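One letter stands for each residue in the lines below.
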Amino acid sequence: MAPFLPPSPVLNGFKERAESIHSSGDRLYIGTATGSLSVYELNVSGLVVDAGEPQATLVDTRKALSRRAIEQLGFIKDVNSLVVLADSIVTLYPLPTFASPTPLAKTKGALAFGTFTGTVYGESDAKSRPSLDGELNKAKDVPVIVTHLAVGCKRKIVLYSWRDGEPQEVKETTLTHSPRAISFLGPDTIYFGYSLSDYALFSLKTSSMTELTLPVPTATSGSAIGNMGMGALSGLGGYMTLGLGSKAKPCVVSIDEKEALVAKDSDGIFVGSEAKPTREVTVDWPAPPEDLAFVKPYIFTIFPSGTVPIVQPDNSSTSTSSPPTFISSPVVEIRSSLSLTPVQTLPFPPPPDDTPSPPIQHTVRLLTASSAGQGSLFVVTTPSEKATAAAVGSAIWQFQMRPWSEQVDELVEVGSYAEALALLDTVDVAVLPDKERRKRQVRALHAVSQFIARQYDDAINTFIELDINPAKVVALYPESIAGRLSVPQDEWISLFGGPAKVAESKPSSVHKGNEQEEGPSAAAEVPPRQPSPKDSIAGVLKTGLENIIAPAAAKDDETASVIGRRKERPKKDEFHKSVETLMRYLSDRRPKIDGALRALSITSAQSHQMPNLSAASREELFGLPDAPLSALTPEELVRFAQIVDTALFKSYLLVRPGLLGPLCRLPNWCEVSEVEEVLRAREKFSELIFLYNGQKMHGEALHLLRELSEKESDLRDKLMPSVSYLQRLGQENMEQIFDSSRWILEQDSEIGIEIFTSEEVELPRQPVAKYLEGIDPSICARFLEFLIDERGEESQLFHDWLAELYLRMTMTAKKEGDEGTAETQSHMYARLLHFVDTTDHYNTHRLYALLPSEDLYEAKAILLGRLGRHDNALEIYVYRLHDYLHAEEYCKRVYQPHSDTSNVFLTLLRIYLRPTVTPTTDLLKPALGLISRHSPRLDQNETLQLLPPLVTAQDVQAFLREALRPPIFDTRVRREVVKAHKEDLELRLMYLQTKRVKVTDSRICPQCHKRIGHSVIAVHTPRGEVTHYQCREAFSRKLKETRS
């Protein structure tokens, strides 16, 4: 499909010679060589239904509007006037009456004019006009509609201006040359064309002119006139008979406010506001153009007959070289200003289908773009032969652009996404209301094409900017990463909203994995498109939008051999590069999705509560919206998180296994079913266990740990991984802990008990104790001991529980009665005794009631003591246990002077000497020993009354001495002795303090016989000898020898 509809005649049989035309709204103005002006009404209601019917209706004819030919027409909306250049002067004719014309006197000698109408900002001279980046240079003011009329005269230019319809001061500037073509480049810049090769830039702000220096054209085009051969100018006879005598005008057209196109010979050069080329490439025409026009974004060019070669079909033989053949009629070429490639090449006028005779030669002139901005252009054709021209007259043809949406859709269909984007950038939203939606879609498709061409970074950057559904991005990868989301390459375009491909393309290099890659990517392959319209010489000339991309592909083929000969360094595997780029994409999405979920109070720790990713179909996942995260629902965000984490996990597994551990240890949204088999196959058991744990799949993790434990020989190495895992589980997983710890406790209870005594997580104590008691009471007892000793448990419940366990295990061991259980019974009984004797938090009455009546007497004694029944406790020690030492120790422990237990020793003595049962041993000896050792704690009178009559005084001698000693005398003597000793010490101190020595200048040291002087001295006792300090030891030895 070509961008323009087949040209249709809007007017046939126009007998006069048209010298200028202008279209404004629904009016078409035609200026003739005789100075007349014809006004026609155009059918602008819609597209043409019948191309054979003229669409212009004559409305008015102004005969002899000028004495000479009307050379140029224009329109100024501010004053609603038609601008007419005739007889070397510009005149304004008010519409629609043409009454009271206004000749512009300063424009005498006018050669050409140009107009500009636009909106500027600022108070004067447009100084605050928007800058190139879209911001205001100064404070933004009220917008002003400015219209300029620049008239090029002989060696000068005259500028007329209107601001919001108000005329401004006329400006006149002298030039070095006479402008013959004028084109505005924004409100402040004008391009002049002096001749076919001389151009200049004129600034309205500074009234300065800059000559345009154009590069020297390079003769690279094989279709230029110089290379056409002898037959190149065939058919030019008619061309030379009409209009060849007139002087050719320079061609310059404005592309936008930043760029203009000038024609120099057969080259089209793009120049900017600084009089410098703006593009490195130029338009390479087959011949110098006769006329030039621009309909955004297409360049129209007229070439004379015999200058455009006929392009041979692709399947034609190239084995023999033959001279090129040329189109015998004038050609209108339509070229994209974006890609600079021809999109339509039409011989003009189009030959009728039912005409077998050779077509009549015509001249094609006056390319005129519609000023209404409706994407149309007019051109005049006139038979070359005078007789035919007089009989048939001229025809005015109209090129009507197809809707923008159709053009974009065609470019998308053939895979020209970059060109489609460039085309969309030139379209106004008012013309294409869904521009932004289309642009997003085309950008996404362009990113897919970049991905196919191995431009992974550019593609991923676009996916991030467009907030593309992660499921679609992941689908571009093989099943090793995408799993069931993986899509074949020939379905990628349709997945991203593009048309389904009919042609089968090569498999993507990404799907090759680590295999050797050969050849270029399949991205350059474009499926064939439908044939061009009949009037574009289908099969002979290449026309249509597919030409936008064909030259680029050809250029790649030409340079492929050169590139192939270069010695390149070894490159990283393309698959790994693509996966690393995917990891960058996923790492960018992951924290942002997590932040969006946290804003909704959803965290990855809740992933086990959400529906699994496998529960959603592919269509459902691909149907998730391409929208910012803030616009998604919680369910859609969860799906995004699951897709991203699962793909990131698989990417790490393939190219960076070392990063799996950190990812698994943190809470994540990874779908376990997608990766567990791969992890098992690669023996990544620790990562799988972490993943199970993050997804709260504790049963699977513990089952895997039990499987792995079978490979260990050391018992601790076998059990500790499961123990460590169970230690981290909380009370919400009590059932799982109980189920999975049983086999560990059966293997080794000492290791198994560590599950419940961990410092990481504290489990509910009562359920744990009950569970352990059901397995083994001894394990439960160790757990209760841990609670009481390590955790400081003071609850009576657990103390009673532990005491009962001790009692039960003691009785059970005693009933079994074998050698092994005897040791257990002794050990348990000792622990029971220690427990009841050292703690106070159990129910004494309850425990005493549980004791057997004829056993465990020592425990009974301790409990009776706890109950305050000391006499019964001591009777058990004496009569049942015959343990007099423990009985005496019991009394020591409970004895407190001046309290209820101050007579406990007397109670023990009474049990010895006044037994309530018939003793089996003599109790007098322990009674006398008690009296001798603890006489101060016994009441003398009670003790003497308890003693049997046959006890001699010698047996209780120590007791009697202690009892008969006068306590008052003893105290008085001690006081007097202490007082005398104190007085003696004070006297000796006073005596020593009164002693002193006198050292004079004449005193001599008795040891060294030298004068003492002011040296440090030492004084010796008892006579007070004085020596030097350093002589003290020698003199002391001398004194000892003398005294001995």
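Please read all numbers here as calculations on a predicted model, not as lab measurements.

## Topic: the overall build of the protein chain
- If you tally the helices and strands in the protein chain, you get 34 helices and 31 strands.
- Counting all 1044 residues of the protein chain, 46% fall into the buried class.

## Describing unusual backbone geometry
- For the peptide bond that leads from Leu95 to Pro96, omega is 5 degrees, which places it in the cis range.
- Tracing the sequence through the fold places Pro96 in the loop between strand S8 (89–94) and strand S9 (102–103).
- Note that the residue after Phe348, namely Pro349, is joined by a cis bond; omega there is -5 degrees.
- Of note, Glu683 is a non-glycine position whose phi angle comes to about 60 degrees, a positive value.
- Residue Glu683 is classed as exposed on the basis of its relative accessible area of 59%.

## Section: the nonpolar core
- Ranked by internal contacts, the top residues of the largest apolar core, which has 188 residues, are Phe300, Phe399, Phe463, Phe756, Leu772 and Leu784.
- Beyond its immediate chain neighbours, meaning those up to four positions away, Leu772 contacts Leu745, Ile753, Phe756, Pro777, Ile779, Cys780 and Phe783.

## With respect to the environment of Glu759
- Its location among the elements puts Glu759 in the loop between helix H20 (749–752) and helix H21 (765–775).
- Glu759 gets classed as exposed once you look at its relative accessible area, which sits at 67%.
- On a C-alpha basis, the gap between Glu759 and Gln727 in space is 8.4 Å, while along the polypeptide they are 32 residues apart.

## Details of the sheet that holds S8
- Pairing in this open sheet of four strands is antiparallel, and the strands run S6-S7-S8-S9 from one edge to the other. In this open sheet, the two strands that pair with only one neighbour each are strand S6 (70–76) and S9.

## Describing the packing of helix H17 (residues 698–709) against helix H19 (residues 734–747)
- At their nearest, the axes of H17 and H19 sit 11 Å apart, and the two run at 5 degrees to each other. Judged by the inter-axis angle, H17 sits roughly parallel to H19. Taken together, the residues of H19 that come into contact with H17 (itself represented by His698, Gly699, Leu702, Arg706 and Ser709) are Gln736, Ser740 and Trp743.
- Looking at the contact of H17 with H19 residue by residue, the class counts come to two nonpolar, five polar and one charged.

## Remarks on the pairing of strand S7 (residues 81–86)
- Counted residue by residue, S7 has six buried out of six residues, so it is predominantly covered.
- Burial of the side chains of S7 extends over both faces: Ser81, Val83 and Leu85 are buried on one face and Leu82, Val84 and Ala86 on the other.
- Where S6 folds back onto S7 in an antiparallel hairpin, the turn is made up of four residues, including Asn80, whose phi is positive at roughly 50 degrees.
- If you look at the hairpin formed by S7 and S8, you'll find two residues sitting between the two strands, and Asp87 has a positive phi there, around 55 degrees.

## What about a nonpolar patch on the surface?
- A grouping of Val997, Val999, Ile1017 and Val1019 is seen on the molecular surface, where their side chains present a nonpolar patch of about 260 Å² in accessible area.
- With respect to the helices and strands, Val997 occurs in the loop between helix H33 (967–994) and strand S30 (1017–1020).

## So, the packing of aromatic side chains
- Counted under the stated rule, the structure contains 22 aromatic pairs.
- Measuring from ring centre to ring centre gives 5.0 Å for Phe4 and Phe300, while their planes differ by 85 degrees; the resulting arrangement is edge-to-face. Separated by 296 residues along the polypeptide, Phe4 in the segment before strand S1 (8–14) and Phe300 in strand S24 (residues 298–303) bring together distant segments of the chain.
- Residue Phe4 is classed as buried on the basis of its relative accessible area of 0%.
- Given a relative accessible area of 0%, Phe300 falls into the buried group.
- Among the aromatic side chains, those forming a connected cluster through ring pairs are Phe4, Tyr298, Phe300, Phe348, Trp397 and Phe399.
- Just above the ring of Phe270 sits the side chain of Arg279; from NZ or CZ to the centre is 3.9 Å.
- Seen from the ring of Tyr1029, Arg1032 lies directly overhead, with NZ or CZ sitting 3.8 Å from the centre.

## Focus: the side chain of Arg589
- In this structure, Arg589 sits in helix H11 (residues 574–599).
- Note on Arg589: relative accessible area 5%, which makes it buried.
- When near neighbours in sequence (up to four residues on either side) are disregarded, Arg589 contacts Ile464, Asp467 and Val644.

## Focus: the pattern of salt bridges
- Summed over the entire model, instances satisfying the criterion amount to 39 salt bridges.
- The shortest N-O distance in the salt bridge between Glu172 and Lys156 comes to 3.0 Å. One end of the pair, Glu172, is in strand S14 (residues 171–174); the other, Lys156, is in strand S12 (residues 156–163), and 16 residues separate them in sequence.
- Counted as one network, the salt bridges with shared partners bring together Glu759, Glu762, Arg765, Arg791 and Glu793.

## Here's the deal with the sheet that holds strand S25 (residues 331–336)
- Read across the sheet, four strands follow the order S23-S24-S25-S26 without closing on themselves; strand pairing throughout is antiparallel. Unpaired on one side and paired on the other, strand S23 (291–295) and strand S26 (342–347) mark the two borders of the sheet. On average, adjacent strands in this sheet sit at an angle of 15 degrees to one another, irrespective of strand direction.
- Strand direction decides the pairing type here: S25 and S26, joined by five bridges, are antiparallel. Looking across to S26, one finds that Val331 is bridged to Pro347.

## As for the packing of helix H28 (residues 884–894) against helix H29 (residues 904–913)
- One way to put it is that H28 packs onto H29 with a least axis distance of 9 Å and a crossing angle of 155 degrees. With respect to H29, the axis of H28 lies roughly antiparallel. Contact residues: Tyr884, Ala887, Glu888, Cys891, Lys892 and Val894 in H28; Val904, Phe905, Leu908 and Tyr912 in H29.
- Considering only residue class, the contact of H28 with H29 consists of eight nonpolar, no polar and two charged.

## A closer look at the environment of Lys106
- Turning to its location among the elements, Lys106 is positioned in the loop between S9 and strand S10 (112–121).
- With 51 residues separating them in the primary sequence, Lys106 and Ile157 have C-alpha atoms 9.5 Å apart.
- Other than its neighbours up to four places away in sequence, Lys106 contacts Cys153, Lys156, Val158, Tyr160, Val170 and Glu172.

## A few points about the pairing of strand S31 (residues 1025–1028)
- For S30 and S31, the ladder comprises four bridges, and the chain directions are antiparallel. Across the sheet, residue Ile1017 finds its bridge partner in S31, namely His1028.
- Between S30 and S31, which pair antiparallel and follow one another directly, the connecting turn spans four residues, one of which, Gly1024, has a positive phi of 85 degrees.

## With respect to a negative patch on the surface
- Side chains of Glu976, Glu983, Asp984 and Glu986 sit close together on the surface and give a patch of like negative charge.
- Within the secondary structure, Glu986 is located in helix H33.
- A residue is classified by how much of its surface remains accessible, and Glu986, at 48% relative accessible area, is partly exposed.

## Considerations on the environment of Val120
- Residue placement: Val120 occurs in strand S10.
- Between the C-alpha atom of Val120 and that of Val144, which follows or precedes it by 24 residues, the distance is 5.4 Å.

## Concerning the side chain of Thr646
- Structurally, Thr646 can be placed in helix H13 (residues 634–655).
- Separated by 2.9 Å, the side chain of Thr646 and the backbone nitrogen of Glu671 make a polar contact.

## Comments concerning helix H22 (residues 777–789)
- Along its 13 residues, H22 runs 18 Å from first to last C-alpha, staying within 8% of the 18 Å computed at 1.5 Å per residue.
- In terms of burial, H22 is a largely internal element, 10 of the 13 residues being buried.
- Three or more residues of H22 are buried, namely Ser778, Ile779, Cys780, Ala781, Phe783, Leu784, Glu785, Phe786, Leu787 and Ile788.

## Section: the confidence of the model for the protein chain
- Residue-level pLDDT values for the protein chain average 82, and 84% of them are 70 or greater.
- With pLDDT under 50 throughout, residues 124–139 is counted as low confidence; its partners more than four residues away or in other chains account for 28 contacts.
- Every residue in residues 503–571 is under pLDDT 50, and counting partners more than four places away or in other chains gives 117 contacts.

Rules used throughout
Residues numbered from 1 in each chain as written. Predicted model: local features only at pLDDT ≥ 70, side-chain atom pairs only at ≥ 80, totals over all residues. Heavy atoms only, no water. Helix = DSSP H or I, 4+ residues; strand = E, 2+ residues; numbered from the N terminus. Buried < 20%, exposed > 50% of the residue type's maximum accessible area, 1.4 Å probe, protein only. Core = buried A, V, L, I, M, F, W, Y, C linked by side-chain atoms within 4.5 Å. Contact = heavy atoms within 4.5 Å. Pairing = 2+ DSSP bridges. Axes fitted to C-alpha atoms, helices over the stretch in contact; angles between N-to-C directions. Parallel < 35°, antiparallel > 145°, perpendicular 65-115°, else oblique. Nonpolar A, V, L, I, M, F, W, Y, C, P; charged D, E, K, R; others polar. Patch = residues over 30% accessible without salt bridge, like charges linked within 9 Å, V, L, I, M, F, W, Y side chains within 5 Å. Areas by Shrake-Rupley, 256 points an atom, 1.4 Å probe, with all protein chains shown as cover. Salt bridge = Lys/Arg side-chain N within 4 Å of Asp/Glu carboxyl O. Phe/Tyr/Trp six-rings, centres within 6.5 Å; stacked < 30°, edge-to-face > 60°. Lys NZ or Arg CZ within 6 Å of the ring centre and 35° of its normal. Lys, Arg positive; Asp, Glu negative; His and termini not counted. Charge placed at Lys NZ, Arg CZ, Asp CG, Glu CD. Polar contact = N/O pair within 3.5 Å; in protein donor to acceptor, adjacent residues only side chain to side chain. Expected span 1.5 Å × (residues − 1). pLDDT = per-residue confidence, 0-100.

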